[in-house]
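Fold and geometry: a report
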There are 2 protein chains.
Amino acid sequence: MADVAEKAGVSRALVSIIFRNQAGASRETRERVLRVADEIGYRPDSAARLLARGRSRTLGVMFTVHQTFHTDLITGIYPEAERLGYDVLLSGATHGRSEAKAVEALLSHRCEAVILLGPDAEPAYLDALGQRTVAVSVSRRVPQARVDFVHSAEAKGVRQAMDHLVELGHRRIVHIDGGRGPGSAERRRAYRAAMRRHGLEGEARVIPGHHTEESGIETGRLLLAEHDSGRPLPTAVLAGNDRCAMGLLMSLTRSGVEVPRDLSVVGYDDSHLSHLMPIGLTTVRQDAALMAEHAVRFAVERLENGELEPREAVLDPKLVVRGTSGPVPAP
Amino acid sequence: MADVAEKAGVSRALVSIIFRNQAGASRETRERVLRVADEIGYRPDSAARLLARGRSRTLGVMFTVHQTFHTDLITGIYPEAERLGYDVLLSGATHGRSEAKAVEALLSHRCEAVILLGPDAEPAYLDALGQRTVAVSVSRRVPQARVDFVHSAEAKGVRQAMDHLVELGHRRIVHIDGGRGPGSAERRRAYRAAMRRHGLEGEARVIPGHHTEESGIETGRLLLAEHDSGRPLPTAVLAGNDRCAMGLLMSLTRSGVEVPRDLSVVGYDDSHLSHLMPIGLTTVRQDAALMAEHAVRFAVERLENGELEPREAVLDPKLVVRGTSGPVPAP
DNA sequence: TACTCGAACTAGAGCGCGCTAGTAGAGCGC
DNA sequence: GCGCTCTACTAGCGCGCTCTAGTTCGAGTA
């Protein structure tokens, strides 16, 4: 920076002004300084910048690497953050790298707020995090924690899916749940409620699972094994999310079960792969872009307005009927 | 930090020593200082830390958000970086956010090196980047640029795939290429070479495309339209990558073409979804973990050894035969 | 002419650390 | 007593920037 200033014949302060796009420099000086900077290859060092001004204007995003829906969310986070003048840093949780670790990386890189995509952490951890910094949880609801919260109205989504299936004549509808996954408690509850409402509590069955393809595959195997030993297949399955649904489809189709002729499958998320599958997946669409927008806005507003109470945004999901759901098979 | 020092009755320097886990503090002082720090809630500020010591020990990773293979690579990058004592920061390129922008974000957050997953940028840009910082390109080869390079031996992979198809009796084998995508020039060349080697140059056909599901879908439509106007379908398609293959499968299957009965499809990457599809995708496997390991190692070695010449790691890919390839249909 | 005022620019402190060069004091042999 | 070494600790500069409180200067105004 000093080099640029010297070579352009101005003070460092003016260079700083110019690089911050602030008023106080003439057009020609501005151009000259930028030109010189470009020649020298100068770029402001953000570590020093962060240090000097109190704020980093950086949002951290914690996500799960293989969760395809998260990539949809991320796609929506960038533009909104940019619009509000914030930088975004990503940190992924993987098998070998815990969410806490991913969050620490963000925090120690001076993110002012963290957006957690479908966090799987303990409520206590989230609450502590919320005390320490501004945190927004997307998809996972933790009412007792000091974090903002964006999700879709799980119950509405599930209800639509269930009504759709029942309308098609299904009665033996099984739900693969998402374990501790975000939203799964609500979805499970809504499934049970729907079965009850349709007078099918006798048929209700929740198979424990989680939000991965593997879980779907396993459940497929389980159902087929049960079928082999005489128990009838369900006629429809409401999966915990799209990934689980895909796993299930794979496992079933490979064993000759035809979807939706023999069995209907409904997912949840409408992650961007869902409509690309060989037969598009019937699923409950969550608007990723809108969710991302809300999450960013919550974070920024809390950063700039100081002590707001934790807030909650509930978006309406919408059933998207594609190729994996059809009329109940004739007995 | 000053607060901690004062409250513990020591100098700031000693606090610094203790937090860097360096020798030069007695056991009891160490414990006392850490206890005090914990009470106050002090955590070292990494911006200041970065600024003060020259180095950040942080690697930046640029990836394309929806490229599923990249998430496989990222999963491999984290542990290797951690092993070598480096932090990792992610920055995604999306439709609205160029690679250059993503890279800038990393650089201005003081990443010492950038690992580019399948970059789509101009060679000139990559070269400039390589001059400016340590850069490693994964999948895309740019010989004239000053960057390290990790990829798999595309030609070998394609050859295996082609031999497999020819062995199954296929002759009308079409290749959907990846446009400017990483590795696609090599794959295209290898496809042509294989067709020639098998005496099929007359049948060779490269359909322009790119590494997305959309491209596969479009090509599917194109082939079907051609079929309707009398041109026979190819009996096999070698897609530019797995995503393209998936799009193609969707588009064809929806229109009643049965895979692999009517047509075989082979992908490239073995991204972790490939084996999860309803019928597992026959594809050329690139070892993501190994590629990630090499990329991290290249970056770190170059950072620590100063001026090494750009290096290249070429890993052997391997054909994985699954459900989308089969014998050529009877005429 | 004497002034006010705003635009363009600058000096220099300070952000929170790491690091180098140093000191104080205890223990040791001679 | 002396010098020596070793451990435990400290003073204070500098990393590259931002920001406050200025200064300078030319144009406009009474």
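Residues numbered from 1 in each chain as written. Chains lettered and ligands numbered in written order. Predicted model: local features only at pLDDT ≥ 70, side-chain atom pairs only at ≥ 80, totals over all residues. Heavy atoms only, no water.

**Topic: the pairing of strand E2 (residues 87-93) of chain A**
Residue and element names in this part refer to chain A. Along E2, six of the seven residues are buried, which leaves the element largely enclosed by surrounding structure. Pairing of strand E1 (residues 58-64) with E2, which is carried by seven bridges, proceeds in the parallel orientation. When the sheet's bridge partners are listed, Val 61 is paired in E2 with Leu 90. Each parallel crossover has a hand, and for E1 linked through helix H5 (residues 68-83) to E2 it is right-handed. (Buried < 20%, exposed > 50% of the residue type's maximum accessible area, 1.4 Å probe, protein only. Helix = DSSP H or I, 4+ residues; strand = E, 2+ residues; numbered from the N terminus. Pairing = 2+ DSSP bridges. Right-handed = clockwise from strand over helix to strand, strands pointing away.)

**Let's talk about the interface of chain B and chain A**
Taken residue by residue, the interface counts 48 residues in chain B and 49 residues in chain A. Counting the contacts that link chain B with chain A gives three salt bridges. Across the pair A:Lys101 and B:Glu82 runs a salt bridge, and its minimum N-O distance is 2.8 Å. Here chain B is connected to chain A by eleven residue pairs in polar contact (both at pLDDT 80 or more). Secondary-structure elements contributing two or more residues to the side of chain B that touches chain A are helix H4 (46-52), strand E1 (58-64), helix H5 (68-83), strand E2 (87-93), helix H6 (99-108), helix H10 (213-228) and helix H11 (242-254) of chain B. Of the residues contributing to the side of chain B that touches chain A, the split by class is 20 nonpolar, 14 polar and 14 charged. (Contact = heavy atoms within 4.5 Å. Salt bridge = Lys/Arg side-chain N within 4 Å of Asp/Glu carboxyl O. Polar contact = N/O pair within 3.5 Å; in protein donor to acceptor, adjacent residues only side chain to side chain. Nonpolar A, V, L, I, M, F, W, Y, C, P; charged D, E, K, R; others polar.)

**Let's talk about the packing of helix H6 (residues 99-108) of chain A against helix H7 (residues 123-132) of chain A**
Residue and element names in this part refer to chain A. Running from N to C, H6 and H7 cross one another at 5°; their axes reach a closest spacing of 13 Å. By the angle between their directions, the pair H6 and H7 is classed as roughly parallel. In contact with Ala 100, Val 103, Glu 104 and Leu 107 of H6, H7 contributes Tyr 125, Leu 129 and Arg 132. (Axes fitted to C-alpha atoms, helices over the stretch in contact; angles between N-to-C directions. Parallel < 35°, antiparallel > 145°, perpendicular 65-115°, else oblique.)

**As for the sheet that holds strand E9 (residues 264-269) of chain A**
Residue and element names in this part refer to chain A. Across the sheet, which stays open at both edges, the six strands sit in the order E7-E6-E8-E9-E10-E12 with mixed pairing between neighbours. Bordering the open sheet on either side are strand E7 (205-207) and strand E12 (318-320), each of which pairs with just one other strand. On average, adjacent strands in this sheet sit at an angle of 25° to one another, irrespective of strand direction. Here E9 pairs with strand E10 (residues 282-285) via four bridges, running parallel. Residue pairing in the sheet places Asp 269 in a bridge with Arg 285 of E10. Along the sheet, helix H8 (residues 154-167) contacts strand E6 (173-176), strand E8 (236-238), E9, E10 and E12; its crossing angle with E9, the most-contacted strand, is approximately 165°.

**Remarks on the protein's contact with DNA strand D**
Looking at DNA strand D, there are 25 residues lining it, with A:Met1, A:Ser16, A:Arg20, A:Arg49 and B:Ser11 nearest. Within 4 Å of the protein, the contacting atoms of DNA strand D are 68% sugar and phosphate, with bases supplying the remainder. The backbone of A:Asp45 places a nitrogen or oxygen atom 3.0 Å from a phosphate oxygen of DNA strand D. Here a phosphate oxygen of DNA strand D sits 2.9 Å away from a polar atom, N or O, in the main chain of B:Ser26. Of all the elements in the fold, those that place two or more residues in the surface near DNA strand D are helix H2 (12-19) and helix H4 (46-52) of chain A together with helix H2 (12-19) and H4 of chain B. Residues of the surface near DNA strand D, tallied by class, amount to twelve nonpolar, five polar and eight charged. (Near = heavy atom within 4 Å.)

**A closer look at the pattern of salt bridges**
Pairing between side chains of opposite charge can happen when their charged atoms approach one another. Residues and elements named next belong to chain A. Per the counting criterion, the structure on display carries 48 salt bridges over all chains. Across the pair Glu 226 and Arg 205 runs a salt bridge, and its minimum N-O distance is 2.7 Å. Placement of Glu 226 in helix H10 (residues 213-228) and of Arg 205 in strand E7 is noted, with a sequence separation of 21 residues between them. By relative accessible area, which is 14% here, Glu 226 ends up buried.

**Remarks on the nonpolar core**
The nonpolar side chains of a soluble globular protein tend to be buried, and buried together. In this structure, A:Leu59, A:Ile115 and B:Ile115 are the most contacted members of the largest nonpolar core, which totals 61 residues. A total of nine residues in this core trace back to one element, the largest contributor, which is helix H12 (residues 288-305) of chain A. For A:Leu59, the contacting residues outside a window of four places in its chain are A:Ala81, A:Tyr86, A:Asp87, A:Val88, A:Leu89, A:Cys111, A:Ala113, A:Ile115, A:Val296, A:Ala299, A:Val300 and A:Leu303. Core analysis: the second largest hydrophobic core is formed by 34 residues, A:Met62, A:Val103, B:Ala102 and B:Cys111 among them. (Core = buried A, V, L, I, M, F, W, Y, C linked by side-chain atoms within 4.5 Å.)

**Details of the UniProt feature "domain: HTH lacI-type" (unreviewed entry) in chain A**
As annotated in UniProt, the feature "domain: HTH lacI-type" (unreviewed entry) corresponds to residues 1-53 of chain A in the numbering used here. For residues 1-53 of chain A, the helix share is 68%, the strand share is 0%, and the end-to-end C-alpha distance is 16 Å. (UniProt positions renumbered as here; feature names shortened; annotations may be inferred.)

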